[in-house]
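# Structural overview
Chain by chain, the residues run as shown.
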Amino acid sequence: MAEERVALLSGANRGIGEAIARFLGDAGWRLSLGMRNPQLPDWADPDLVQVVAYDANDTAVEAQWVAQALTRFGRIDAVVANAGIMIAKNVIEAEDADLDALLAVNVKAPRRLAAAAWDALSKSGRGRIIVLGSLSGKRVKSARASLYSVSKFAAVALAHGLRHTGWDLGIRATAVCPGFVATDMARSLTSRQDSLMTNPADIARITAMLLDLPNEASVAEFTINCQLEETY
């Protein structure tokens, strides 16, 4: 049971974010969903689900979003920082602007969202933060993915930093690091069939489990892969 807990979830309109939102909604969570183009999903109960406009490049939007969620629900128990972008360039051909764009969305925006919700998460006593990282934040699989890896290594480090900072406040943070997931992003990068990639619904189930674990069962990183690799 979610005990009427409230979760903020970015990038909730499709892919992994949509799957997590649907799963948490079915589990009884009250949700504030951040979307670039906000639209209430057809599965959502309007009494339990709030939809807000969210652009990860807008440095003021996280504070505004948190204020809206608190006005609507009165509390925040979890933040799921899922919104992310991929630029398929190696670290030599890339321009500074490419790296800036990746860091802005994949690292800076999740940090601002966690910071904006920090007081509310602290009051929860069991605040939770999920940063959607990637196995590209654990190893560099190819030159084409190397610039993206720079940002995702930073995102994983962010999750660890949040875990250390929030520990005494009852806040637990986890970096969830999947390999290829059957989403539009992965489909643009690989010829693997959807059936051979991780299902977004499985990422959703994992996320819900991590949010439900007690403070004494903290998970710093959770890696998931659809294929055999030497380490992951």
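Residues numbered from 1 in each chain as written. Predicted model: local features only at pLDDT ≥ 70, side-chain atom pairs only at ≥ 80, totals over all residues. Heavy atoms only, no water.

It is worth spelling out the overall build of the protein at this point. In terms of regular secondary structure, the protein is built from 6 helices and 7 strands. Listing every helix and strand of the protein by position from the N terminus yields β-α-β-β-α-β-α-β-α-β-α-α-β. What you see for the protein is a C-alpha radius of gyration of 17 Å, in line with the 17 Å of a compact globule of 232 residues. When the backbone C-alpha atoms are referred to their principal axes, the protein occupies close to 45 × 35 × 35 Å. Taking all 232 residues of the protein together, the buried fraction comes to 49%. Nonlocal contacts in the protein, meaning residues at least 24 apart in sequence, comprise 66% of its contacts between residues at least 6 apart. Here the protein holds 24 positive side-chain charges and 26 negative ones, and the gap between their average locations is 2 Å. (Helix = DSSP H or I, 4+ residues; strand = E, 2+ residues; numbered from the N terminus. Rg over C-alpha atoms; globule rule 2.2 N^0.38 Å. Buried < 20%, exposed > 50% of the residue type's maximum accessible area, 1.4 Å probe, protein only. Contact = heavy atoms within 4.5 Å. Lys, Arg positive; Asp, Glu negative; His and termini not counted. Charge placed at Lys NZ, Arg CZ, Asp CG, Glu CD.)

What follows concerns the nonpolar core. With 31 residues, the main nonpolar core has L8, Y54, I76, V79, L121, I129 and L162 as its most contacted residues. For this core, the leading source of residues is helix α3 (residues 96-124), giving 8 residues. Once residues within four sequence positions are removed from consideration, L8 is found in contact with S32, W65, V66, A69, I76, A78, V79, V80 and L113. Residues L9, A12, I16 and A44 belong to the second largest nonpolar core, which totals 27 residues. (Core = buried A, V, L, I, M, F, W, Y, C linked by side-chain atoms within 4.5 Å.)

The next subject is the packing of helix α1 (residues 15-26) against helix α6 (residues 200-212). At a minimum axis separation of 8 Å, α1 and α6 run at an interaxial angle of 55°. One finds that α1 runs oblique with respect to α6. The two elements α1 and α6 meet at a crossing, and its hand is right-handed. Counting all contacts with α1, which are made through G15, I16, A19, I20, F23 and L24, the residues of α6 involved are P200, A201, I203, A204, R205, T207, A208 and L211. (Axes fitted to C-alpha atoms, helices over the stretch in contact; angles between N-to-C directions. Parallel < 35°, antiparallel > 145°, perpendicular 65-115°, else oblique. Left-handed = near helix turned anticlockwise from the far one by under 90°.)

Let us now look at the environment of D202. Relative to the helices and strands, D202 resides in helix α6. Overall, the relative accessible area of 30% leaves D202 in the partly exposed class. Distance in space between the C-alpha atoms of D202 and L103 is 26 Å, their sequence separation being 99 residues. Side chain to side chain, D202 and R205 meet in a polar contact 2.8 Å long. (Polar contact = N/O pair within 3.5 Å; in protein donor to acceptor, adjacent residues only side chain to side chain.)

Considering the arrangement of structural elements, one finds T174 in strand β6 (residues 172-178). With relative accessibility at 5%, the residue T174 sits in the buried group. Of note is the side chain of T174, whose polar atom sits 2.5 Å from the backbone oxygen of V219. Excluding anything up to four places from it in sequence, T174 contacts I129, I130, V131, A159, L210, V219, A220, E221 and F222.

Time to look at the packing of aromatic side chains. With the rule as written, the count across this model stands at 1 aromatic pair. When the centroid spacing of 5.0 Å and the interplanar angle of 50° are considered together, the rings of Y54 and W65 count as tilted. Taken together, the residues Y54 in the loop between β3 (49-53) and α2 (61-73) and W65 in helix α2 connect sequence positions 11 residues apart. According to the relative accessible area criterion, Y54 is buried, its value standing at 6%. The ring of W167 has R172 sitting right over it, with the charged end atom 3.5 Å from the ring centre. (Phe/Tyr/Trp six-rings, centres within 6.5 Å; stacked < 30°, edge-to-face > 60°. Lys NZ or Arg CZ within 6 Å of the ring centre and 35° of its normal.)

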